Each structure stands twice: as structure tokens, then as C-alpha cells.
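Coordinates in review
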Number of protein chains: 2
Amino acid sequence: MTPTDDIQPAVSDARERLLAAALEQFSRRGYAASSVREICQSAAVTKPVLYYYFRSKEGLYLQLMEESYDQFETTLAELHSFSGTVRQRVIHFCQGVFDASIQQLPLVKLFYSIYYGAPQGAPAFDLERYYDRMLQVLSDLMQAGIERGELRPGNVADMVWATLACLSIAIEEQLCHCTPRIGRLAMCRMLELVFDGMALNPPSL
Amino acid sequence: MTPTDDIQPAVSDARERLLAAALEQFSRRGYAASSVREICQSAAVTKPVLYYYFRSKEGLYLQLMEESYDQFETTLAELHSFSGTVRQRVIHFCQGVFDASIQQLPLVKLFYSIYYGAPQGAPAFDLERYYDRMLQVLSDLMQAGIERGELRPGNVADMVWATLACLSIAIEEQLCHCTPRIGRLAMCRMLELVFDGMALNPPSL
């Protein structure tokens with residue numbers, strides 16, 4: 001350990017701490033109410049360090065959003081490699097997105113606050129990308145399910161949205177102001193119900 | 001028409017205009033960014049009129065929330081009188097809540113911004129009440145569906161949440177920043193899929 005280690009943290013470490021501090025502040029207090037001063041204080045770096053890596057609060061926010069989206073794409077790619085029936089693959093996909101959301105709850109909270117909240121002057125970032133990608137993945141899977149004779153031929157978009165609805169409400173329950181009333185297992189059971197309704201072979205009674 | 005009609009609007013009218021102006025401002029700009037001055041300007045009343053009816057911005061907000069909830073209860077009572085199979089009744093219920101949401105979109109937008117948005121200092125109002133009531137209505141209906149032999153015996157909560165998920169995502173699409181991708185009809189088709197999965201008699205192919 002060199003004497004400078006105490007004074008100057010590794011650069012990459014400072015950068016990561018700034019991203020983590022920004023996420024925590026944006027998520028808890030909102031974008032507008034978070035100041036560069038407080039983010040730096042929380043990350044234990046000086047303002048020039050923030051300006052060096054991100055130029056501004058806007059730059060820090062956009063970098064956080066971009067890296068989060070890249071992380072999401074990585075998660076999707078991992079989930080894509082799973083094999084099985086379409087039912088199993090869709091449920092595995094939803095579980096994976098649910099798990100990733102739980103692991104990144106402050107980030108999901110930030111997305112919802114930006115998407116639904118009052119305007120806060122945050123720079124534009126296309127949050128629809130997340131939904132668009134999930135719709136695409138699920139659409140491909142449902143189409144394959146029909147082609148393989150696993151699902152009844154029908155409106156693919158309806159199947160996709162009914163599935164996404166279960167995933168979406170399960171994630172939203174994790175953001176609720178009370179104790180979440182549905183979790184991972186309940187979501188899977190809801191998805192099983194939806195698949196029973198879409199299956200070519202009806203569920204055995 | 002008396003000469004005073006031009007100068008002094010009917011009191012009840014001024015009150016209604018204040019509520020409408022407040023909803024518009026809160027919904028578009030957020031609670032914190034809406035000022036008493038602008039609300040009064042938009043409602044074409046003087047500040048003392050606002051203070052007379054609502055005491056403060058907080059009072060105006062709470063009154064808006066309370067009256068909206070009362071309206072919601074009235075809608076639920078109307079929907080409750082519908083008769084038919086449980087499937088028909090649930091779909092009728094979801095259509096009714098969906099229609100009411102479309103008619104009151106700025107209000108729904110305000111709920112979402114308060115619920116998910118960054119803290120804005122708005123006085124506490126229990127928005128969970130809306131969900132709790134819908135959960136209760138749907139739960140009673142599903143229970144009746146099982147008892148009548150219309151639905152397969154199973155986890156009532158799962159059935160309720162799968163149904164509420166379709167309603168919820170359909171309403172959220174109306175709040176999206178793009179063109180809504182699902183509407184009333186698509187929601188009904190999604191609900192039909194869910195009911196196919198819950199039915200005692202599987203759908204005919």
C-alpha cells in the first residue's frame with residue numbers, strides 16, 4: 001500500500017461511487033432535488049472528480065441511464081440462452097427480469113419516478129426502450145409457441161401483453177408503499193394461469 | 001340576467017373551477033410546482049375565494065383526492081349492479097374502471113405521479129385505497145366463480161392479481177409517452193385469455 005492510497009482512491013472506484021451515490025440521491029429525493037454537492041459528498045469525492053468523469057449532473061444521469069440499459073441487455077442475453085418449452089422460457093424470462101429488478105430496486109424506482117412523476121428537468125432518455133425490448137422478446141417466444149403447436153393460434157400481441165402485465169404488476173408491487181402482496185412465486189403462478197388460457201392443450205383438471 | 005352575473009360567478013361554480021384548475025396544474029406540472037396564484041388565475045377567481053373554500057393548497061389537494069375517491073366508489077357501486085357470469089361481470093368491471101380512467105386521465109396521471117414520483121411535499125393521502133377496493137371486489141367475484149363451478153378451484157389471490165394486471169397495464173398504456181399500444185378491446189381480449197386459463201371448462205378449440 002502506497003501512502004497515496006489513503007488520499008486518492010482508484011479512479012475507477014471514484015467513478016463507480018459517483019454513479020452509486022447519484023442513483024441513491026436521484027431515487028430517494030428525485031433528480032431536481034439532488035445537488036452535485038450532495039452527490040459528491042456522499043461519494044466522498046470532490047466536485048472536479050465528478051466534472052472530470054461526467055461533465056455535469058445531466059451527464060452523470062445520462063451515463064447512469066445508459067449503463068443501466070446496457071446491463072439490462074446483458075441480462076436479456078443471458079436469459080435468452082435458456083432452453084425448454086415456450087411456457088418455461090417465458091416464465092424463466094419473467095423471473096430473470098423480476099430478479100434483476102429486485103436487485104436494482106432503486107434504479108426501477110428512479111425509472112418510475114421519471115416516467116410517471118412530475119417534470120423534473122432531467123435530460124431526455126428513452127425509457128420506452130425497456131418495454132420495447134421485452135415486447136420483442138416475448139413476441140418472438142409466443143410466435144414460436146404457436147408454430148410449435150404449444151400455444152393456440154391467436155393474437156400474439158394479446159398474449160404478449162397479458163404476460164407482460166403479470167411481470168409488470170409484480171415489479172410494481174415491489175415499489176408499493178406497503179408490504180408487497182405478490183412476489184416471485186405468485187407471479188409465476190399468475191403466468192401459469194395465463195399460459196393455461198393460451199395453451200393448445202387445456203390444463204388437466 | 002342580473003348585472004352581478006358577469007362579475008361574481010355562482011359560488012359552487014367557482015369551487016368547481018378551482019378543483020378543475022388545481023387538477024390540471026397538479027397533473028401537468030406537479031404538486032410542488034403549482035402555485036395558489038396560478039391555480040386562481042386559471043380558475044379566474046381571487047385568492048380569498050380559494051382560501052374560503054379550501055383554506056390552502058394542501059386543503060384543495062386533499063379535497064380533490066377525497067372527491068375523486070368518492071366518485072370512484074360511485075362508479076364501483078354502478079358496476080356492481082351488473083349481472084351475468086363471473087367472467088362477464090369481471091370484464092364489465094374492468095371495462096368500467098378503464099372507461100372511468102380514460103374520462104379522468106389527468107387524475108390518473110396525478111395519482112401515478114404522486115405514487116411513483118419524487119417526494120413533492122403533497123399532504124398524505126392513502127392511494128392504496130383504490131387498489132384495496134378493486135382487490136376486494138375482484139376477490140368476491142372470483143370466489144363466487146369457484147363456488148358456482150364457473151372457475152377451477154385455485155388460488156383466488158392469483159386469479160385476482162392476474163386480472164388486475166391486465167386492467168392495470170391497459171390504464172398505464174394510456175399514460176405512456178407514446179401512442180397507447182393497447183386499449184379497451186385489447187384489454188378485454190387479454191382478460192378472456194386469463195379467464196380461459198381459470199375456467200372450469202377449457203376453451204373449445
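Fair warning: this is a prediction, and the values are worked out from it, not measured in the lab. (Residues numbered from 1 in each chain as written. Chains lettered and ligands numbered in written order. Predicted model: local features only at pLDDT ≥ 70, side-chain atom pairs only at ≥ 80, totals over all residues. Heavy atoms only, no water.)

Between its terminal C-alpha atoms helix α9 (residues 184-198) of chain A stretches 21 Å, which fits the 21 Å expected from 15 residues at 1.5 Å a residue. Across the 15 residues of α9(A), 11 count as buried, placing the element largely inside the fold. Looking at the buried residues of α9(A), the elements they touch are α5 (86-103), α7 (128-147) and α8 (156-174) of chain A together with α8 (156-174) and α9 (184-198) of chain B. (Helix = DSSP H or I, 4+ residues; strand = E, 2+ residues; numbered from the N terminus. Expected span 1.5 Å × (residues − 1). Buried < 20%, exposed > 50% of the residue type's maximum accessible area, 1.4 Å probe, protein only. Contact = heavy atoms within 4.5 Å.)

With an axial shift of 0.0 Å and an RMSD of 0.0 Å, the rotation relating chain B to chain A amounts to 180°. These values place the two chain copies in the arrangement generated by a two-fold rotation axis. (Least-squares fit on C-alpha atoms with pLDDT ≥ 70 in both.)

Our focus in this paragraph is the pattern of salt bridges. Summed over the entire model, instances satisfying the criterion amount to 30 salt bridges over all chains. Connected via shared salt-bridge partners are A:Arg87, A:Glu192, A:Asp196 and B:Arg152. (Salt bridge = Lys/Arg side-chain N within 4 Å of Asp/Glu carboxyl O.)

What follows is about the domain arrangement of chain A. Residues and elements named next belong to chain A. Partitioning chain A into structural domains gives domain 1 (1-55) and domain 2 (65-198). The gap between the C-alpha centroids of domain 1 and domain 2 is 31 Å. At the junction of the two partners, domain 1 supplies 9 residues and domain 2 supplies 10 residues. Across the domain 1/domain 2 interface, buried area totals approximately 770 Å², and carbon plus sulfur atoms make up 57% of it. Of all residues in domain 1, Leu 23, Ser 27 and Tyr 31 bury the most surface against domain 2, accounting for 64% of the area lost on that side. For the pair domain 1 and domain 2, the interface holds 1 salt bridge. Arg 15 is paired through a salt bridge with Glu 67; the nearest N and O atoms lie 2.6 Å apart. Class assignment for the residues of the side of domain 1 that touches domain 2 results in 5 nonpolar, 2 polar and 2 charged. (Domains from an automatic or database assignment. Buried area = accessible area lost by both parts, 1.4 Å probe. Nonpolar A, V, L, I, M, F, W, Y, C, P; charged D, E, K, R; others polar.)

Counting residues at the interface gives 47 residues for chain B and 47 residues for chain A. Summed over both sides, the interface of chain B with chain A buries roughly 3,700 Å², with 65% coming from carbon and sulfur. For the pair chain B and chain A, the interface holds 8 salt bridges. Between A:Arg189 and B:Asp158 there is a salt bridge, with the nearest N and O atoms lying 2.6 Å from each other. The interface formed by chain B and chain A holds 12 residue pairs in polar contact (both at pLDDT 80 or more) in total. For the side of chain B that touches chain A, the secondary structure elements donating two or more residues are α1 (11-29), α6 (105-116), α7 (128-147), α8 and α9 of chain B. The element contributing the most residues to the side of chain B that touches chain A is α8(B), with 11 residues. Grouping the amino acids of the side of chain B that touches chain A by side-chain chemistry returns 27 nonpolar, 8 polar and 12 charged. (Polar contact = N/O pair within 3.5 Å; in protein donor to acceptor, adjacent residues only side chain to side chain.)

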